[in-house]
Amino acid sequence: KGIGCYFLRHVEMGENALKYELLDELRRARLAMDRIFPVGEELWIQWLCDENLLCRSINDRMGLMELHHKSVAEEPGSAQLWRLYGDYMYYLWSSAHADHPINGWAKDDQEIGREVFDWASMIETWEQGVARTQWHLNESNIVWDRYMEILRVDLSKAPAPDKIKAINDKFVERLTTRPHATWSETFQEYSTFITAYDQANYEHAMQSVSAQSGKAKQLYSLREPFEFKIQRASDAGDKTAEWTAYSEYLAWELRMKGVFSKDLINGLYERATMRFPSDPSLWLGYVEFLFCDPIADMPLLSVLERATRHCPWSGDLWSHRLLTMESEGMKFEEIEQVKHQATVSGLVDVNGLEDLYKVYIAWCGYLRRRAYEANASEDDLDMAEVGLVSALEHVRSVGKAKYGSEFKPDPNYRLERIHIKFLAQRGDLPQCDKRWAQLSDEVGDSYDFWYRYYIWAMVLWGRYHLMAKKPYNSIAHTPQLPTAILRKGLQRVDTMDWPEQLIQMYLNHCEQHESVQEYQKALIEVREYTKKVEERRAKEQAAWQEQQSHQAAKAEAADSGKRKREDEADWDVQ
């Protein structure tokens, strides 16, 4: 940005833009930045204006046209960028098709331009800009007004009934169905247009539009207080107040959401994410809205691509992107590339490991589901196994590099559970049990772990009975593995977070499923473990009470010292 300011100063001093000594560095810096981070509306405008000053040939102009196209692809909700793009396309068309030579255009360039820069592609650019900004209540007129001006200039040069009808229809549609801040100005322009081209039908046309525009005017009227707050905060340069205004506006729109308000909500999200592009909460709200209320011309995946580019540290957004790609049936290579894009930058774990876990949960879940699809191959199974193990290893290596000896594995062992599910589907039950046993060393102080481990073993036992077709009450087939798992968990009642619940689960299990001998043994064990836990809780309660007493004594001493100082101050005054 700094180099760009120096370039602008260089030009303003009357110097040749192409002679700027840091021009190559400026261009390389912008391209490098664009590869890593999104440019954003403000810097795009500066970049485009600078490149416009440097255009000298037909190739330069075509390159700038492509740069304009890239800018609106990155920021499709920007009325400012669409206006610049449309104006530039109009300039190219009018210069190429001018009857006399245009300053700066060689004759050969003009001839090539007549082939390349045609009316249809120029108008298509304006129509795209109008479509992408038509629900922006505050500034859709920036694009629409200029678009209509171009159409009316063309009409004045070559009047035709079909052109008159087309322009009339566009005015009527905007006035009657599109709420916008400049409705009165649009209505006045329509009046001028009808006066010039349909004077005989003037009163009927104006009355008809007025009668049909009530809903559009009401829609804007309801939103005008929110629009005023946003504009006031923006004019004051108060980003915090502007963010609050957008948040309140969105909350109101979503609360009042009806079948006809999807486009208005979508337009508001486009505006909010453009103003606060690095706020993942806004992007998440936008993604969730589109997921629940799809909009045909606003693909969820394209929004997610922009979201992850603006917030590459958000595991939630990357996760949504991977899951959306999977649900849309995209190729494995494409999904793998996005996963790699998320993890290779090092940004997704900048705030800790949680966001990295979210990326890998989506990726590993996809690998497992893909491996067991009806048409999956043995290679798919092998790739899933390698990918799952690789994800587990990568998270651990990042964690150890980040936290050293203080690194602690995921207390919810989410990736490990996906791996165990994968192994179970493959039928490798010994390996499953091995993975559970390894986890017990890391997260065995969690009741939730033993609960999940136990439920897994009970499901397997139930399936065995169904397959073996043995009587349900067969003593020879009691659930030995689940019983052993609960007994192993009870060895950690001194450190477990919720031992009381595991003790009760063990008792219930033996009562329901084990032999009388095992049940009687469990009654004795439960009595011993309950006594241990009661002693532990009593010690914890005593320690807590001692701590509270200590804190109360400190507070009383501090208060006593304060009163003493106040008394001494009173004596000094006397």
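Figured I'd write up the structure that's included with this text.

Calculation criteria
- Residues numbered from 1 in each chain as written.
- Predicted model: local features only at pLDDT ≥ 70, side-chain atom pairs only at ≥ 80, totals over all residues.
- Heavy atoms only, no water.
- Helix = DSSP H or I, 4+ residues; strand = E, 2+ residues; numbered from the N terminus.
- Rg over C-alpha atoms; globule rule 2.2 N^0.38 Å.
- Buried < 20%, exposed > 50% of the residue type's maximum accessible area, 1.4 Å probe, protein only.
- Contact = heavy atoms within 4.5 Å.
- Areas by Shrake-Rupley, 256 points an atom, 1.4 Å probe, with all protein chains shown as cover.
- Lys, Arg positive; Asp, Glu negative; His and termini not counted.
- Charge placed at Lys NZ, Arg CZ, Asp CG, Glu CD.
- Phe/Tyr/Trp six-rings, centres within 6.5 Å; stacked < 30°, edge-to-face > 60°.
- Lys NZ or Arg CZ within 6 Å of the ring centre and 35° of its normal.
- Salt bridge = Lys/Arg side-chain N within 4 Å of Asp/Glu carboxyl O.
- Expected span 1.5 Å × (residues − 1).
- Arc of directions from axis to C-beta.
- 1 Å grid on protein atoms, 1.4 Å probe; cavity = no way out; pocket = protein on both sides within 12 Å on 5 of 7 lines; lining within 4 Å.
- Points joined across faces, edges and corners; volume = space filled by probe spheres on them.
- Nonpolar A, V, L, I, M, F, W, Y, C, P; charged D, E, K, R; others polar.
- Axes fitted to C-alpha atoms, helices over the stretch in contact; angles between N-to-C directions.
- Parallel < 35°, antiparallel > 145°, perpendicular 65-115°, else oblique.
- Patch = residues over 30% accessible without salt bridge, like charges linked within 9 Å, V, L, I, M, F, W, Y side chains within 5 Å.
- Disulfide = S-S within 2.5 Å.
- Polar contact = N/O pair within 3.5 Å; in protein donor to acceptor, adjacent residues only side chain to side chain.
- Left-handed = near helix turned anticlockwise from the far one by under 90°.

Check the secondary structure of the protein chain and you find 26 helices and zero strands. Over its C-alpha trace the protein chain gives a radius of gyration of 34 Å, far above what one expects of a compact globule, namely 25 Å for 574 residues. Here the C-alpha coordinates of the protein chain stretch approximately 105 × 95 × 60 Å along the principal axes. Per-residue burial for the protein chain yields a buried fraction of 43% across its 574 residues. Counting only contacts in the protein chain whose residues sit at least 6 apart along the sequence, the fraction spanning at least 24 positions is 61%. By element, 53% of the accessible surface of the protein chain is carried by carbon and sulfur atoms, the whole surface being about 31500 Å². The positive charge centre, built from 71 side chains, and the negative charge centre, built from 92, are 3 Å apart in the protein chain.

A few words on the packing of aromatic side chains. Counted by the stated rule, this structure contains 33 aromatic pairs. With a centroid separation of 5.9 Å and 35° between ring planes, the pair formed by Phe332 and Trp363 is classed as tilted. Note that Phe332 is positioned in helix α18 (residues 332-344) and Trp363 in helix α19 (residues 354-371), a separation of 31 residues in sequence. Through pairs of rings, three or more aromatic residues link up here, namely Tyr413, Trp436, Phe449, Trp450, Tyr453 and Trp456. It is Lys217 that lies over the ring of Trp183; its NZ or CZ is 4.4 Å from the centre.

Taken as a whole, this structure holds 34 salt bridges when the rule is applied. Salt-bridge contacts for Glu242 lead to Arg275; the nearest nitrogen and oxygen are separated by 2.7 Å. One end of the pair, Glu242, is in helix α13 (residues 239-255); the other, Arg275, is in helix α14 (residues 262-275), and 33 residues separate them in sequence. Arg275 gets classed as partly exposed once you look at its relative accessible area, which sits at 31%. Two residues, Arg537 and Glu500, come together in a salt bridge whose shortest N-O distance is 2.8 Å. Of this pair, Arg537 sits in helix α26 (residues 516-573) while Glu500 sits in helix α25 (residues 499-513), and the two are 37 residues apart along the sequence. Through salt bridges that share partners, Arg83, Asp87, Arg146 and Glu149 make up one connected network.

In a regular helix each residue adds 1.5 Å, so 15 residues correspond to 21 Å; helix α7 (residues 119-133) covers 21 Å between its end C-alpha atoms and thus fits that length. Within α7, burial applies to Met122, Ile123, Thr125, Trp126, Gly129, Val130 and Thr133. For α7, the buried positions fall inside an angular range of 150° around the axis, keeping them on one side. Tucked into the core, α7 has its buried residues touching α5 (79-96) and α8 (141-157).

The subject of this paragraph is helix α3 (residues 41-54). Relative to the 20 Å expected for 14 residues at 1.5 Å per residue, α3 spans 20 Å between its end C-alpha atoms, a close match to the ideal helical length. Residues of α3 that are buried include every one of Glu41, Trp44, Trp47, Leu48, Asp50, Glu51 and Leu54, and no others.

With that out of the way, let us pick up empty space enclosed by the protein. Tallied over the full model, the rule gives three cavities of 30 Å³ or more. Secondary structure elements with two or more residues in the lining of the largest cavity: α20 (378-403) and α21 (414-426). Ranked by residue count, the leading element in the lining of the largest cavity is α20, at three residues. Within the lining of the largest cavity, the residues separate by chemical class into five nonpolar, no polar and three charged. Of the pockets and cavities examined, the second largest cavity occupies roughly 40 Å³. Lining the second largest cavity are Glu75, Gly77, Glu270, Thr273, Met274, Trp283 and Arg306.

As a further point, take unusual backbone geometry. The backbone of Tyr413 shows a phi angle near 40°, a positive value even though the residue is not glycine. Structurally, Tyr413 is set in the loop between α20 and α21. Judged by relative accessible area, Tyr413 falls into the buried class, the value being 0%.

The N-to-C vectors of helix α15 (residues 280-292) and helix α16 (residues 300-310) enclose an angle of 170°; their axes lie 10 Å apart at closest approach. Relative to α16, the element α15 is oriented roughly antiparallel. Across the interface between the two elements, Trp283, Tyr286, Val287, Leu290 and Phe291 from α15 touch Leu300, Val303, Leu304, Arg306, Ala307 and His310 from α16.

Let's shift gears to the environment of Leu268. Residue placement: Leu268 occurs in helix α14. Sequence separation between Leu268 and Glu253 is 15 residues, and the spatial gap between their C-alpha atoms is 8.9 Å. Ignoring anything within four residues of it in the chain, the contact list for Leu268 reads Tyr246, Tyr249, Leu250 and Glu253.

Together, Tyr451, Ile455 and Val459 line one region of the surface with nonpolar side chains, adding up to about 230 Å² of accessible area. Among the structural elements, Val459 can be located in helix α23 (residues 447-468).

Here the structure, examined in full by the defined rule, presents zero disulfides. Note on Cys49: no disulfide assigned, nearest cysteine sulfur contributed by Cys55 at a separation of 11 Å.

Below, the discussion takes up the side chain of Ser314. Assignment of secondary structure puts Ser314 in the loop between α16 and α17 (315-327). The exposure class assigned to Ser314 is buried, which follows from its relative accessible area of 4%. Looking at Ser314, its side chain comes within polar contact range of the main-chain nitrogen of Leu317, at 3.3 Å. For Ser314, the contacting residues outside a window of four places in its chain are Pro280 and Asp355.

Our focus in this paragraph is the packing of helix α10 (residues 183-197) against helix α11 (residues 202-212). Between α10 and α11, the shortest axis-to-axis distance is 10 Å and the interhelical angle comes to 155°. Between α10 and α11, the angle is such that the two are roughly antiparallel. For the crossing formed where α10 meets α11, the hand is right-handed. Residues Phe187, Tyr190, Ser191, Ile194 and Thr195 of α10 pack against Tyr202, Ala205, Met206, Val209 and Ser210 of α11. Across the contact of α10 with α11, the residue classes break down as seven nonpolar, three polar and no charged.

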